[in-house]
Amino acid sequence: RDLLAKAEAKGVKFLLPKDVVVADKFAADAAFKNVGVDGIPDGWLGLDVGPESAKEFSDVVSASKTVVWNGPMGVFEFDNFAKGTFAVADALGSLDGITIIGGGDSVAAVEKAGLASKMSHISTGG
């Protein structure tokens, strides 16, 4: 909360998910559903941002001139939990600007989405 207050005081837009895709277990075949961030059922796991959040994040990316992305939106390795990550990757791939992808998971995500060649720079370290 302190970080949110600092961002607000400086006029910085700080986005957090409004909805999430939750699952009853950490597995590709898990039962899943979309819920608000305050509605995660006991014992369930948040494995991706929900469609409302994915759209909001993608819209912000699309309106940007430079984006440094380090970290997928969800467990993109499981198809049911890749939609948020791929939505942001699609927005990055369409961006008329500079896109810097850092970190192994982010690089793997843009590669899995088939968008690595559309990024300005990809780095896994160093």
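Residues numbered from 1 in each chain as written. Predicted model: local features only at pLDDT ≥ 70, side-chain atom pairs only at ≥ 80, totals over all residues. Heavy atoms only, no water.

**Q** Report on the overall build of the chain, specifying residues and quantitative values.
**A** Within the chain, the secondary structure is distributed over four helices and six strands. In the chain, the order of α-helices and β-strands from amino to carboxyl end is α-β-β-β-α-β-α-β-α-β. The globule rule puts the C-alpha radius of gyration for 126 residues at 14 Å, and the 15 Å found for the chain is close to it. Across the 126 residues in the chain, those meeting the buried criterion constitute 36%. Looking at the chain alone, contacts between residues at least 24 apart form 53% of all its contacts between residues at least 6 apart. With the model as given, the accessible surface of the chain reaches about 7300 Å², and the carbon-plus-sulfur share is 54%. Charge-centre separation for the chain: the mean point of 12 positive side chains lies 5 Å from the mean point of 17 negative side chains. (Helix = DSSP H or I, 4+ residues; strand = E, 2+ residues; numbered from the N terminus. Rg over C-alpha atoms; globule rule 2.2 N^0.38 Å. Buried < 20%, exposed > 50% of the residue type's maximum accessible area, 1.4 Å probe, protein only. Contact = heavy atoms within 4.5 Å. Areas by Shrake-Rupley, 256 points an atom, 1.4 Å probe, with all protein chains shown as cover. Lys, Arg positive; Asp, Glu negative; His and termini not counted. Charge placed at Lys NZ, Arg CZ, Asp CG, Glu CD.)

**Q** Any details on the environment of Ser62? Residues and values, ideally.
**A** By the secondary structure assignment, Ser62 is in helix H2 (residues 51-62). Overall, the relative accessible area of 48% leaves Ser62 in the partly exposed class. Considering only alpha carbons, one finds Ser62 and Asn34, 28 residues apart in sequence, at a separation of 24 Å. Setting aside anything within four residues of it in sequence, one finds Ser62 in contact with Ala91 and Leu95.

**Q** How would you sum up the sheet that holds strand S4 (residues 66-69)? Please name residues and give values.
**A** The strand order across the open sheet built from three strands is S4-S5-S6, with neighbouring strands paired in parallel fashion. If you trace the sheet from one side to the other, it starts and ends with S4 and strand S6 (121-123), each paired once. Strand-to-strand twist across the sheet, computed as the mean angle between neighbouring axes with direction ignored, equals 10°. As paired strands, S4 and strand S5 (residues 98-102) are joined by four bridges and run parallel to one another. Bridging from a neighbouring strand, Val68 pairs with Ile100 of S5. (Pairing = 2+ DSSP bridges. Axes fitted to C-alpha atoms, helices over the stretch in contact; angles between N-to-C directions.)

**Q** Residues and numbers for the sheet that holds strand S1 (residues 19-23), please.
**A** Reading across from one edge, S2-S1-S3 is the order of the three strands in this open sheet, with antiparallel pairing throughout. Both edges of this open sheet fall to strand S2 (32-36) and strand S3 (45-49), since each of them pairs with a single strand only. Recorded for the sheet is a direction-independent mean angle of 40° between the axes of neighbouring strands. In the sheet, S1 pairs with S2 via five bridges, with the strands oriented antiparallel. Paired with Asp19 across the strands is Gly36, a residue of S2. Across the sheet, H2 touches S1, S2 and S3, and the angle it forms with S3 is around 40°.

Read these as geometric descriptors, not functional statements.
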